[in-house]
Amino acid sequence: MSQNQQGDKAQKEQYLQDQVEKGLDADLCAQFLVGLKPEGGDDIDNWDLSELKAAIEQFKESQKQAEEQQPNNSEDQSSLQQAQPQEQPQQNQQINQQSNTPVLVNCYQILPNELSGENVSAKILTYKKESAGFFSSSYIVFQIETQPHGWVVFRRYSDFEWLRDSLQKFYPAFVVPPIHKKRSRSFEDSYLNKRVIFLQRFLNSIFKSYELKSNIIVKNFLSLTQNNEFKKFQESITKSAPPQTVQRMFSKEGQVNCVAPGELYQYANQTQEYFYEIDGVYKKIRVLSKSLKEIQLQNSLKIYCVGEIFASLFQHLNKLNQTLPTGQAQGLAATFLNLNNTMITWGNIIGKQIEQTEEYLNSFFKYQQHYNSCIKQIYETRAVITQDLEKFKSKLHYKKERLFQLGDISKWDLSKDIKLTPQELQQNKKLAFQHMCDQETKQEMGMEMLVGYYTNQIFSQTQQFFKQQQQELVGHFIKFCQVQAFNITDHHQLWADAITNLQNNLLVQKRQTQQVVVESVG
């Protein structure tokens, strides 16, 4: 194959790889291409790039038409929504956002499923490399086992990203744990093992939340073994609209409180400042961790260099001893060799500490920084809703003022359940404002309820986070302390052995000296 042909093939493979990353079904597309070219359609060399692109677009269009002809998957929708919220009569009454009196609103109830129990866990067992066949692009799948149910599935990294995006979409007021962005297509074990750690941490965090783990999205992610079935479910969830009102939110009880007391508004404002401030602290910790790692690496290299010096001294002296007929300095040569071994062992211990610094400091706080960003998303959503509410209220108030001044009740768009007379409304501005512009007033109430709901969620979610972070920090640094204790033990053993070896070298040298004296006297 010529260089130009190799370049063309690389371009085609890259194009197909990009299409697979964007969600193209490789197996179905390969079958479609064979249908277009029965003779050799499954060989990439039988397609030029422009022809291949046109065929892929034709396949996409055929898939789109097939989807449009299929009915909506109402089963997935109803499973996602779970228990439907009960209808509540809506009344145009002002909501006191900062009140100790709760206002409970019905929403979708999260019904328990196989994952809702305490002793359920999902573990990534291993990973393997797979090929997409015709598309010539290999990818990694992770094997996940869910116990005690015995579910075993294989999921790509993009499936994990879809899972997080879907949970964040339908649980916007919950802290959905972070997942690291894929920055490389490396198939190196060292890289993939780190990825397994991150993904396992993601799953563990999901299972700490009853609401998240009990959702049909998580259940099907862990239980659907047929790839086609799972892809159809992914498509149905992706097409589903996210909740825009409190009534379409999810909760364990099927009700949410839409009014928060004043202290929770103050709590939300103060904790928001905290989470934005500690971003810089996490960055500083990671910078210092990297600096410490570099220092340890430099120290390790210098210690190895010292060891090489002792090795060089041993080689020179050993060469001399081989030429001497008598009086060889065997004891000193052994000392040089022992010091070389001591330095190498010391360097190895420092080398282990470099890996520990990366694992226990930099990687851990990198994850904490990502988690911090997930929490801030709730604050940002609440801020947007609050800002929109203030703008909407201002415009609506101006509109009501104008309508009230004009006095034409026929244009007020009054609520249907109003029992007041036109004269009573015209004489009472507060009552008139409460009942006029019915649809817009209900929209304002809905936005006020969202603000109250998010304020309450910020309190509950941050309380859970603080508790969880303390548990993770304590558990993590207990392990770190144990590792450092082992390092101290290794250092103690190293220097104890070094002392013993050096003392033995002196005894050997003393015996050799005595033997030389005896031989010379004799």
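As recorded in an unreviewed UniProt entry, the protein chain goes by PX domain-containing protein and comes from Paramecium octaurelia.

Enquirer: Which residues make up the sheet that holds strand E3 (residues 121–131), and what values do they have?
Expert: Across the sheet, three strands lie side by side as E3-E4-E5; this open sheet has antiparallel pairing. One side of each edge strand has no neighbouring strand; the edge strands of this open sheet are E3 and strand E5 (151–156). Sheet twist, expressed as the average angle between the axes of neighbouring strands with direction ignored, equals 25°. As paired elements, strand E4 (residues 138–147) and E5 share six bridges and run antiparallel to each other. Its bridge partner lying in E5, Thr146 is registered against Trp151. Docked against the sheet, helix H6 (residues 189–206) engages E3 and E4, running at close to 145° with respect to E3.

Enquirer: Any chance you could break down the pattern of salt bridges for me, citing the residues and the numbers?
Expert: Side-chain pairs of opposite charge can arise where the charged atoms are in close proximity. The final tally for this structure, using the stated rule, is ten salt bridges. For Lys60, the salt bridge identified is with Glu57, shortest N-O distance 3.6 Å. A residue pair is termed a helical-turn pair when its members lie 3 or 4 positions apart in one helix, as Lys60 and Glu57 do in helix H3 (residues 49–69) at three residues. For Glu57, a relative accessible area of 44% translates into the label partly exposed. A salt bridge links Lys442 to Asp438, with the shortest nitrogen-to-oxygen separation between them at 3.6 Å. You can see Lys442 and its partner Asp438 sitting in helix H14 (residues 438–521), four residues apart, about one turn around the helix. The class of Asp438 is buried, set by a relative accessible area of 6%.

Enquirer: Now, about the packing of aromatic side chains: what can you tell me, with residues and values included?
Expert: Summed over all chains, the structure comprises 28 aromatic pairs. Seen in terms of ring centroids, Trp162 and Phe230 are 5.7 Å apart; in terms of plane orientation they differ by 80°. Their pairing is edge-to-face. With a gap of 68 residues between them, Trp162 in helix H5 (residues 157–170) and Phe230 in helix H9 (residues 227–239) connect regions that are remote in the sequence. Residue Trp162 shares its accessibility class with Phe230, and that shared class is buried.

Enquirer: An account of helix H11 (residues 330–406) is needed here, citing residue identities and associated values.
Expert: What sets the pattern is the α-helix's 3.6 residues per turn: residues three or four places apart point alike. For H11, spanning 77 residues, the distance from its first C-alpha to its last is 113 Å, which sits close to the expected 114 Å at 1.5 Å a residue. Looking at the residues trailing H11, positive phi occurs at Gly407, about 75°.

Enquirer: Please set out the packing of H5 against H6 residue by residue, giving values where relevant.
Expert: Across the interface, H5 lies against H6 with an axial gap of 12 Å and an inter-helix angle of 30°. Taken together, the axes of H5 and H6 are roughly parallel relative to one another. Crossing handedness for the pair H5 and H6: left-handed. Where H5 approaches H6, its residues Tyr157, Phe160, Leu163, Arg164 and Leu167 are matched on the opposing element by Arg195, Leu199, Phe202, Leu203 and Ile206. Residues belonging to the contact of H5 with H6 are distributed by class as follows: eight nonpolar, no polar and two charged.

Enquirer: Got a sec to walk through the confidence of the model for the protein chain? Specific residues and values, please.
Expert: Across the protein chain, pLDDT averages 85, with 87% of residues at or above 70. Within the model, pLDDT remains below 50 along residues 70–78, and this stretch shows five contacts once partners closer than five positions in the same chain are excluded.

So, how was this worked out
- Residues numbered from 1 in each chain as written.
- Predicted model: local features only at pLDDT ≥ 70, side-chain atom pairs only at ≥ 80, totals over all residues.
- Heavy atoms only, no water.
- Pairing = 2+ DSSP bridges.
- Helix = DSSP H or I, 4+ residues; strand = E, 2+ residues; numbered from the N terminus.
- Axes fitted to C-alpha atoms, helices over the stretch in contact; angles between N-to-C directions.
- Contact = heavy atoms within 4.5 Å.
- Salt bridge = Lys/Arg side-chain N within 4 Å of Asp/Glu carboxyl O.
- Buried < 20%, exposed > 50% of the residue type's maximum accessible area, 1.4 Å probe, protein only.
- Phe/Tyr/Trp six-rings, centres within 6.5 Å; stacked < 30°, edge-to-face > 60°.
- Expected span 1.5 Å × (residues − 1).
- Parallel < 35°, antiparallel > 145°, perpendicular 65-115°, else oblique.
- Left-handed = near helix turned anticlockwise from the far one by under 90°.
- Nonpolar A, V, L, I, M, F, W, Y, C, P; charged D, E, K, R; others polar.
- pLDDT = per-residue confidence, 0-100.

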